[in-house]
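Tertiary structure, described
Residue strings, one per chain:
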Amino acid sequence: MMKSGSPGLVRWIAAAAALLAVCQPAFAEKRVALVLGNSAYLNVAPLANPVNDSAKIAATLKDAGFDVVESRRDLPAAETRRALRDFADRARDADIAVVYYAGHGIEVDGANYLIPVDAKLERDTDVYDEALSLDRVLIAIEPAKKLRLVILDACRDNPFAKSMKRTVATRAIGQGLAKVEPTSPNVLIAYSAKAGFTAADGDGKNSPFTTALSRHLATPGLDVRRAFGFVRDEVLKSTGNRQEPFVYGSLGGEDVPLVPAPKAAPAAAAALSPALSAQAEARRDYELALQLGNKNALNAFLTQYPDGFYANLAKLQLDKIAAEEIRVAATEKARLAEQERARLVAEGAQRSQQSKAEADVRAAEQARIAAEKAQQIAQDQAAAAEQKRLAVEAPAPARDKAVNLAALPPPQAPSADVTKSVQAELRRVGCLTSAADGDWNSASQRSLTQFNRYAGTRLDAKVASVDTLDAIKQKSSRVCPLVCQHGFEADGDRCVRITCAAGSFLNDDNECEKRRASKPVARRDRDTDDRRERPVRERRQDLPEANVSRPRASAGGSGQIICDSGGCRPVRRGCRIDYQGGSPRNGTGGNVEACN
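Structural notes, computed from the coordinates. (Residues numbered from 1 in each chain as written. Predicted model: local features only at pLDDT ≥ 70, side-chain atom pairs only at ≥ 80, totals over all residues. Heavy atoms only, no water.)

Right, let's get into the pairing of strand β15 (residues 561-564). Two faces make up the sheet, and in a regular strand the side chains alternate between them. Taken together, the four bridges between β15 and strand β16 (residues 567-570) define a ladder with antiparallel strand orientation. Its bridge partner lying in β16, Ile562 is registered against Arg569. Hairpin connection from β15 to β16: two residues lie between these consecutive antiparallel strands. (Pairing = 2+ DSSP bridges. Helix = DSSP H or I, 4+ residues; strand = E, 2+ residues; numbered from the N terminus.)

Right, let's talk about the state of the cysteines for a bit. Within the structure shown, the criterion is met by two disulfides. Sulfur-sulfur distance for the disulfide between Cys431 and Cys480 comes to 1.9 Å. Handedness here is read from the sign of the S-S torsion; for Cys431 and Cys480, about 90°, the answer is right-handed. Of the two residues, Cys431 is situated in the loop between α14 (416-428) and α15 (442-455) and Cys480 in the loop between α16 (466-473) and β11 (488-491); the sequence distance between them amounts to 49 residues. Between Cys500 and Cys512 runs a disulfide, and the two sulfur atoms are separated by 2.1 Å. With the S-S dihedral at roughly -85°, the linkage between Cys500 and Cys512 falls on the left-handed side. With a gap of 12 residues between them, Cys500 in the loop between β12 (494-497) and β13 (504-506) and Cys512 in strand β14 (residues 512-514) connect regions that are remote in the sequence. (Disulfide = S-S within 2.5 Å.)

Moving on: the environment of Arg156. Structurally, Arg156 can be placed in the loop between β7 (147-153) and α6 (159-163). Arg156 sits 43 residues away from Ala199 along the chain, and the two C-alpha atoms are 5.0 Å apart. Not counting chain neighbours up to four residues away, the residues in contact with Arg156 comprise Leu47, Pro50, Asp53, Ala102, Gly103, His104, Thr198, Ala199, Asp201 and Ser207. (Contact = heavy atoms within 4.5 Å.)

Tallied over the full model, the rule gives eight aromatic pairs. The interplanar angle of 90° and the centroid separation of 5.1 Å between the aromatic rings of Phe309 and Tyr310 together place this pair among those described as edge-to-face. Per residue, the accessibility class of Phe309 equals that of Tyr310, and both read buried. (Phe/Tyr/Trp six-rings, centres within 6.5 Å; stacked < 30°, edge-to-face > 60°. Buried < 20%, exposed > 50% of the residue type's maximum accessible area, 1.4 Å probe, protein only.)

Take the packing of helix α2 (residues 50-63) against helix α7 (residues 208-216) next. In contact at an axis separation of 10 Å, α2 and α7 are set at 5° when each is read in the N-to-C sense. Of the possible angle classes, the one that applies to α2 and α7 is roughly parallel. Residue-level contacts link Asp53, Lys56, Ile57 and Thr60 of α2 to Thr210, Leu213 and Ser214 of α7. For the contact of α2 with α7, the class distribution of residues is two nonpolar, three polar and two charged. (Axes fitted to C-alpha atoms, helices over the stretch in contact; angles between N-to-C directions. Parallel < 35°, antiparallel > 145°, perpendicular 65-115°, else oblique. Nonpolar A, V, L, I, M, F, W, Y, C, P; charged D, E, K, R; others polar.)

Turning to the packing of helix α11 (residues 295-304) against helix α12 (residues 309-347), a few remarks are in order. At their nearest, the axes of α11 and α12 sit 10 Å apart, and the two run at 150° to each other. Comparing the axis directions of α11 and α12 gives the class roughly antiparallel. Between α11 and α12 lies a crossing whose hand is left-handed. Residues Lys295, Leu298, Asn299, Phe301 and Leu302 of α11 touch α12, and the partners they reach there are Tyr310, Ala311, Ala314, Lys315, Gln317, Leu318, Ile321 and Glu325. For the contact of α11 with α12, the per-class residue count stands at eight nonpolar, two polar and three charged. (Left-handed = near helix turned anticlockwise from the far one by under 90°.)

Time to look at α7. When you tally the buried positions in α7, you get seven out of nine residues, the bulk of the element. Among all positions of α7, only Pro208, Phe209, Thr210, Ala212, Leu213, Ser214 and His216 are buried. On its buried face, α7 sits against α2, β3 (96-102), β7, β9 (187-191) and α8 (224-238).

This next bit is on α12. Over its 39 residues, α12 runs 58 Å from end to end, which matches the ideal 57 Å to within 8%, given 1.5 Å per residue. Of the residues flanking the end of α12, it is Gly348, one or two places downstream, whose phi is positive at about 65°. (Expected span 1.5 Å × (residues − 1).)

A few words now on empty space enclosed by the protein. Tallying each qualifying case throughout the model produces two cavities of 30 Å³ or more. Roughly 50 Å³ of internal volume is contained in the largest cavity. In terms of lining residues, the largest cavity is bounded by Leu36, Asn38, Leu75, Thr80, Tyr101, Leu114, Ile115, Pro116 and Leu132. In the lining of the largest cavity, the residues fall into seven nonpolar, two polar and no charged. Volume-wise, the second largest cavity comes out at about 40 Å³. As for the second largest cavity, its lining consists of Ala193, Lys194, Phe197, Thr198, Arg242, Gln243, Glu244 and Lys473. Residue classes in the lining of the second largest cavity are distributed as two nonpolar, two polar and four charged. (1 Å grid on protein atoms, 1.4 Å probe; cavity = no way out; pocket = protein on both sides within 12 Å on 5 of 7 lines; lining within 4 Å. Points joined across faces, edges and corners; volume = space filled by probe spheres on them.)

Along the chain, Thr239 falls in the loop between α8 and β10 (246-250). Measuring from C-alpha to C-alpha, the distance between Thr239 and Phe209 comes to 9.8 Å, with 30 residues separating the pair along the chain. For Thr239, the side chain forms a polar contact with the main-chain nitrogen of Gln243, separated by 3.2 Å. (Polar contact = N/O pair within 3.5 Å; in protein donor to acceptor, adjacent residues only side chain to side chain.)

Backbone geometry at Leu121 places phi at a positive 50°, although glycine is not the residue there. By secondary structure assignment, the location of Leu121 is in the loop between β5 (111-114) and α4 (127-130). At Asn186, a position not held by glycine, the phi torsion is positive, near 60°. Positionally, Asn186 belongs in the loop between β8 (173-174) and β9.

So, on to the pattern of salt bridges. When their charged atoms lie close together, side chains carrying opposite charge are able to pair. If you walk through the whole model with that rule in mind, you get 26 salt bridges. Residues Lys146 and Glu29 are paired through a salt bridge, measuring 2.7 Å at the closest nitrogen-oxygen approach. Highlighted residues: Lys146 in the loop between α5 (134-141) and β7 and Glu29 in the loop between α1 (7-23) and β1 (31-37), separated in sequence by 117 residues. A relative accessible area of 29% places Lys146 in the partly exposed class. The closest approach of N and O atoms between Lys295 and Glu325, which form a salt bridge, is 3.5 Å. Here Glu325 lies in helix α12 and Lys295 lies in helix α11, a separation of 30 residues in the sequence. Exposure remark for Lys295: the relative accessible area of 34% places this residue in the partly exposed category. A residue is classified by how much of its surface remains accessible, and Glu325, at 39% relative accessible area, is partly exposed. When salt bridges that share partners are traced, they join Glu70, Arg72, Glu79 and Arg90 into one network. (Salt bridge = Lys/Arg side-chain N within 4 Å of Asp/Glu carboxyl O.)

Here we take up the pairing of strand β2 (residues 68-73). Sheet analysis places β1 next to β2, joined by six bridges and oriented parallel. The residue bridging Val35 from the neighbouring strand is Ser71, located in β2. Crossover β1 to β2 through α2 is right-handed. (Right-handed = clockwise from strand over helix to strand, strands pointing away.)

Printed below as a string of structure tokens:
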């Protein structure tokens, strides 16, 4: 038996302490979290998933060994403020502070607000009194030393924005949440959907964002930025590219995992090769250059690391940037060529000049299309390389095997999911009326051509690409005008029947026109005219035309005129007209002059 204080006992105790230090993870950092979930709204329809989402995240953080995980649900405004105030006290001596919120959020004049369950928001100005600003949440986690993280699963379609009254016409109420730029260091703000877009509540027990978050956020040793990268990829896949989570803010060059990796044994640490350490440094420098995202940063990285895995990745990123620059230049050249052609036509230039301008337009358009295709290929190659890099660098449980960059497959044609997503976005902006079935047919191509026309873009209508999807997503409202058939007119996003007032009718121009009162039209009664004129004609026909002569009055006549086969003449003085029957034309009698 060893005596107390003997050298053997001392060595045994030291070895045991070292073994304990090696086998246990280093959880020396203090980590605290506040988890809020609002489902039971009092003045609008309740939400199904936020309470379930907050319970899942609370359980995930507790399993990850957080020192404090305070979970609250369905809080009114006063209790939410009290919860944030109490949490600020717990975060004073913490290294990592996390606030997770699931429920309704709203953006007013570029500022974001979390909506408690008792909010009414009858007017736009009520948001300042009844809701809590995102800045108030940031103040609660401000004391944390290493990482201040806010996670908002609050980008849902907000019913308050549709019903509230506007006190000032210029006050903007946006869709989803607004983009933020944290002013304090070591702050990350994660949205379930990109700024200006809404997120799905999910068909299951949890939202797609929270489901992916619970799988990746607490992975031991995984940098929080890469964890959100995995979350983004999973949500895009599960929603058919309709929802893209986004992270705002920045951290330094060191990895910041929410759950530290277990410490390696001293012997294992000593066995790490210098090459592995150099590879880790190259990875950190590459990620920094990738975050800056410009040619200068990537060229500086290649100057320091001219060869190797990360050098190949940097070269692919440079190719993507160069292809994008060529595409932009080709697009501008095509625009200028079309503008010059239109100018020559308007000025009535010579036919030869117009023909040359048209040839220039065709050549510029072909160059633009080729540049867009090359840019798409470069982007697909860079994206595929990044996916492979993340798979290589993922912790052992998150990957099956390492993948060599040289084994990267060639870029594939757009998947049916991308095509459906592009079609769904075209339907949202009013440019496509058919269903989003994943078939990029002539109707879909025409709809994208219409989008280009009204949005001022030059996207390739022959293919549905990720770039096309991103470009359409940037439009938050209708782009193509609503076209209604004859007899209907556009009313917002629907066609309504046109009703004309009494006494009006709908003309061919789809406008109401007043009916003109019918006026009586004067018509000659031909039968009456015939009856009136016939005796005159008959009387004129009774005498031969050659014998008809204008009678002349004589000075001593009686003033009467007699007509017979010899013509017409005045009746002599002292004589009279005597009718003897018959007709003078056929010699049977008629009027005769009788004298005493």
